[in-house]
Structures are given as structure tokens and as C-alpha cells.
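Coordinate inspection notes
Listed below, chain by chain, are the residues.
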Amino acid sequence: MVADGAEEARGKRAALAFAAVALVLGLPLWWKTTETYRASLPYAGISALGSLRFQLTVPISVVFAKGALPGAQQRRLPFTDTKEEESLLNSKTSVTSRYETTYRSATVTEQAALALATVKEADAALLPLQDSLGALTVYVIPETSPLLPQGVDVYIGKHRSAVMRCTQGPGDVLAAVSAWVQQIVQAMSFTTDSIATALSDRVPMDQLGTDTRRPFKSSLGYEITFSLLNPDPKSHNVHWDIEAAVNSYVQPFLDKLGSVANFSVDSQILYYAVLGVTPRFDKASSSFILSALSLPHVINPVEARLGSSATSLYPVLNFLLYVPERVHSPLYIQDKDGAAVGTNAFHSPRWGGIMVYNIDHPVPDKAPLPLWVDVDMVRVMEVFLAQLRLLFGISQVSLPEEFLLESPGNDGLTDWELDRLLWTRTVENIATVSTTLTSLAQLLDKIGNIVIKDDVASEVYHAVASAQTAMLELASGRLGSAFQASKEAVTSSERAFFDPSLLHLLYFPDDQKFAIYIPLFLPMAVPILLSLVKILREAKQSKKEPTKTD
């Protein structure tokens, strides 16, 4: 009996030892080795990005040439004036415009440039003296200076400077100059509508301008495709020197935008490609008409033939030159008021543009078919370049009659227009990073078994840090470094969001994990559990039995 009791006690101790090892060591070890690895993320930084408080600082230098100010006011120079204007877009987004204006006298070099014969020469000579991206310089010349043409009070050049005539009337001349400078800055720098357009995904529709859907969204790259549509090759043998035209007209514009994004340009010729809309014949003009109401139905049938949007990783800008069929020539586009469009072209926001190129047909039976057609690329590229500017949100500014605006020339883009684009793209990039990282954080918080690798977490940390740096640089008035930081933030956020490792265990929930491991552990766990149940049952019975007395 004593041996049986010892054997029973040893069995109980063995069962308890097995249970203790399984619970204390085995279960935690299994749980730890099978858990999903999730690196830590800066959730506090991501949450802080959700409430964007932009401060856009514009450094302005007002330079007075000799004789532009009375002696008493000249002695007040130099000094600095700061003004702030806040625009609250919604509860989570606000924009503060901060203008730091420095008033000073012209240097010897600037004075020599302002003494040149023409204002264009002065504008070119002053370029090496100007500040960095986003900074503006206004040169104030005396009323008697012959630099500005008659009737012109303000000249806005191709670079980041303007020249204005100072009229020395009664009162504070500096105050009058300050009012003119405010108008110049509003024309050459960002506007409330442009910033609201950049934040179109975060602000109410009633706060957006009419051109909200016109510009392309910010991207790291764009693909530009020029297509020649010849629906009637039996009648027209069309030739266009697209390579030379792109090098002369488009490439200088793209070179100017080289810091904004990467661009690739290609071209193609599509035969038997029709618009998909039958034009209406107008007896009064003996021509065919495409009305403004039918233009939205023109793009879809043609887009199926283009093929570039399906293979490109970046947004595609399509520019189509359409040569009408012989039976539908000449073909003209009418606007909503029924008037003929002068360029005979139209553009579709965030898609591209189409131009109809009519051909002068000779009297029937007087010329063999197909007709040889050489496209006037100067006329065509002028239209496409104007559409390209609109697609990037670069539109003409409305100025008073006293203002003279210099043409951008062969570059197709002035320096201050580039700055306006960089302001909006920087703000848009930061808002995009905020939206992307917030969506990623919500996804990872909702699905707890997604693996978060260290390189993914590193990209998220870098995106948050770059976005914060961009906002600090904006507040300091350093537009160039702010834009570069915003591009880095967009790149890192997209790498993190689209990392393939985030999908490896997306469809492997915890119930499937238990379904796999329970058949392995159950044969071992059942005997241990039964032994523990038996030990507990015997312990309860021993307590119920009465104690025997001698």
C-alpha cells in the first residue's frame, strides 16, 4: 500500500510538472515565436500631421533707386515690415500668409542695372542679384526715369523681380509704395484660390475656385504623349515634324519644370481613328460643327486607341492633333455660346487637349489622292503649350492697365510662375503625405496581424520627419528646400503604403492560426488536462472524507 501511494504521488508530481512546463514555458514560447512582427510607428507624429497648420512666408525686398524717395524718408532706410494674413479653411487645416518686407536702398550694381536703356535689359542684368526660390524683389525708380514706357507704372519681368515707378506726391511715399507692392506680390506669388486648390481633398467645395479640377494632381513624374489622328489615310498623307517641335517648344518648358517632376515624351500616329461623335453640318458656313455639349463624348472612343495610360506608372498627358475626314471637312469647334473657338482646340482637365487641324482641299478631281499635308507645327505647338500650362495650373493673371507683363519667351514659363507652382505643389505634397500615412496607420491598427517590417517603419519615420521639415522650411521662407523635403516625404510615404510585405499575412487571421496548431498540441494537451482534472477531483474527495481517530 505504501508503494502504491508513493507511485500515485510520483504520478501526480509528474503530471503537475508537465502542466507547469507547458503553461509556463511552452505556451509563452509558442505565442512569442508565432506572433506577427510589428515594428513601432510614429503614431503621434502621424496624428499631428492630420491637423495641418501651414505658414507660408514670402521674403520681399523693396529696393529704392537713387532719387526715388524724398530725403527725409530715404533716411528711414533700411527697415523691415512683417504682415500676416490667416485663412482658416476648416477645423483641421489653416493657412497663414506671412510677408517679410525689407526696405533698403539700391546697391551700386543694382543702380547700374536700373540705368540701362530698356527695362528688359535691366531685368536680365538684375537676375544674378536676386534671392532664392520664392523670394521677390521690387525695384522702385524715380518718376522721371525713362526705364519704363509711357503709361506703364509697374513692369513684371521674366524672373523674380518687378520694376515700379514712384510718384512723389503729397503724403507718405513709403505707404503708397507699400500698397503697390501688395498688388505686385498678389500677382507674382501664391493666391488663396491656388492654395485651396492644392488642398481640394481637405476643404469644403464652396471654398474652392472655379479652376479646382483643372490642374493635374502632384506626382513624381508625368508622361506626355503627342498623337496624330488620321482617320482618312486614303485622302490625307499627313506628315508632322514632332521631334523638332518638341525640342523647340516643349522641352524648354519641361527643363524649367525639371525640379518639379520627371517627364518622358513620346509620340504616335494613329490611322482610322475617329472621334466617335458625328459632327453637325452647318449650311450657313458650309462646314461641320462640334458643339461644346458633344466634346465630353469625343475623348472616350479615342482614349481606347491611345494605350499609354494602361502601361504608365505616372499620370499621362495626352495631346491629340486630329485631321478631319474629307467628308467632314472643314470641322470647327463651337463654345457654349455658339461662337467658333479661335484655336479650334479644347482641353479636358487632368487628361489633355485636342486640336482639330483643317486642310484646304483643292477642287475635286484636280489633285491625286492622298493629299500631301505638312503640318504647321508652330501653330500646333503654340496651342499645345498653352494647354500644357493650364493642365499644370499655370494660368494668366489679371492685372491692372498700368501693369506691363513680360512674356515668358521660349521657356514658356517665368521664374515667378515656377515659384507659384512650387508653393502649391509643396502644400499639396504635405497634405498627400498626411492622408497617406493616416490611412496606413488606420489600416495597421484595424488589422493587427499585418507584418510591419523595419524598413517599412523606417520609411514612415522618414516621411513624417520630411513633412515636418517641409512645413518648417515653408515657415522660414525657404521654398526650394521645402519642396525637396515634401518630395522626399511623398516618396517615403508611397513606399511604405505600397510595400508588398504588408499583404503577406493579410488573409491569415488568428482563428486560422489556432486551426493549424491545435491538431498538433491537442494530443499532448489532453492527457495533461485529464491528469489535472483527476488530481483536482481526488483533492476534493480527500477533503470530504472524515478524519479517522485511533
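For the structure, see preceding data.
Residues numbered from 1 in each chain as written. Predicted model: local features only at pLDDT ≥ 70, side-chain atom pairs only at ≥ 80, totals over all residues. Heavy atoms only, no water.

In total, this model carries 14 salt bridges according to the counting rule given. Across the pair R104 and E110 runs a salt bridge whose closest N-O atoms are separated by 2.9 Å. On the accessibility criterion, R104 (24% relative accessible area) is partly exposed. Take E110: its relative accessible area is 3%, and that puts it in the buried class. For K256, the salt bridge is made with D415, and the minimal N-O distance between the two is 2.7 Å. Pair noted here: K256 is in helix α8 (residues 242-256) and D415 is in helix α11 (residues 415-446), with a separation of 159 residues, a long-range link. A single salt-bridge network, built from bridges that share partners, covers R160, K256, D411, D415 and D419. (Salt bridge = Lys/Arg side-chain N within 4 Å of Asp/Glu carboxyl O. Buried < 20%, exposed > 50% of the residue type's maximum accessible area, 1.4 Å probe, protein only. Helix = DSSP H or I, 4+ residues; strand = E, 2+ residues; numbered from the N terminus.)

This part takes up unusual backbone geometry. Of the consecutive residues L77 and P78, the connecting peptide bond is found in the cis state with omega at -5°. You can see P78 is positioned in the loop between α3 (71-74) and β2 (79-90). Cis peptide bonds are those with omega within 30 degrees of zero, and the linkage from S329 to P330 qualifies with -10°. Within the element layout of this structure, P330 appears in the loop between β12 (316-322) and β13 (331-333).

This part covers the sheet that holds strand β7 (residues 221-230). Taken together, five strands build an open sheet; the order of strands is β9-β7-β12-β15-β14 and the sheet is mixed. Across the chains shown, the open sheet's two edge strands, defined by having one partner strand only, are β9 (262-271) and β14 (345-348). Averaged over all adjacent pairs, the angle separating strand axes in this sheet is 15°, with direction ignored. Note: β12 against strand β15 (residues 352-356), five bridges, orientation parallel. From the neighbouring strand, F319 faces β15, where its bridge partner is G353. Relative to the sheet, helix α9 (residues 296-306) contacts β7, β9, β12, β14 and β15, its axis offset from that of β9 by approximately 100°. (Pairing = 2+ DSSP bridges. Axes fitted to C-alpha atoms, helices over the stretch in contact; angles between N-to-C directions. Contact = heavy atoms within 4.5 Å.)

Let us look at the side chain of E110. Its location among the elements puts E110 in helix α4 (residues 108-114). Once you skip the residues sitting within four places of it in the chain, E110 turns out to touch V63, R104, S105, L126, L129 and Y139.

Moving on: the sheet that holds strand β3 (residues 93-105). Strand pairing in a sheet relies on backbone hydrogen bonds, with the paired strands running either antiparallel or parallel. Read across the open sheet, the seven strands follow the order β2-β3-β1-β4-β6-β5-β17; overall the sheet is mixed. If you trace the sheet from one side to the other, it starts and ends with β2 and β17 (403-405), each paired once. Strand after strand, the sheet turns through a mean of 20° between neighbouring axes, direction not considered. Where strand β5 (residues 154-156) and β17 come together, three bridges link them in parallel fashion. If you follow V154 over to β17, its bridge partner there is F403. Lying over the sheet, helix α6 (residues 173-188) contacts β1 (52-64), β2, β3, β4 (136-141), β5, β6 (161-165) and β17, oriented at roughly 145° with respect to β6. Here helix α12 (residues 454-476) sits on the sheet and contacts β1 and β3; the angle it forms with β1, its principal contact strand, is near 30°.

This next bit is on the packing of α12 against helix α13 (residues 479-497). For the pair α12 and α13, the least separation of the axes is 7 Å and the interaxial angle reads 160°. The pairing of α12 with α13 is recorded here as roughly antiparallel in orientation. Both α12 and α13 take part in a crossing whose hand is left-handed. Two secondary-structure elements touch here, α12 through V456, E459, V460, H462, A463, S466, A467, T469, A470, E473 and L474 and α13 through L479, S481, A482, A485, S486, E488, A489, S492, S493, R495 and A496. Here the contact of α12 with α13 is built from residues that sort into eleven nonpolar, seven polar and four charged. (Parallel < 35°, antiparallel > 145°, perpendicular 65-115°, else oblique. Left-handed = near helix turned anticlockwise from the far one by under 90°. Nonpolar A, V, L, I, M, F, W, Y, C, P; charged D, E, K, R; others polar.)

With that settled, consider the packing of α11 against α12. One way to put it is that α11 packs onto α12 with a least axis distance of 10 Å and a crossing angle of 150°. In terms of axis orientation, α11 runs roughly antiparallel to α12. Like other packed secondary-structure pairs, α11 and α12 cross with a definite hand, here left-handed. Residues W423, T426, I430, V433, L437 and L440 of α11 touch α12, and the partners they reach there are V460, A463, V464, A467, A470, M471 and L474. Counted by class, the contact of α11 with α12 contains twelve nonpolar, one polar and no charged residues.

To continue, consider the pairing of strand β8 (residues 236-239). Residues H236 and V238 line the buried face of β8, whereas the alternating positions N237 and H239 sit on a face that is not buried. As judged from the four bridges shared by β8 and strand β16 (residues 371-374), these two strands associate in the parallel manner. Bridge pairing links V238 to V373 in β16.

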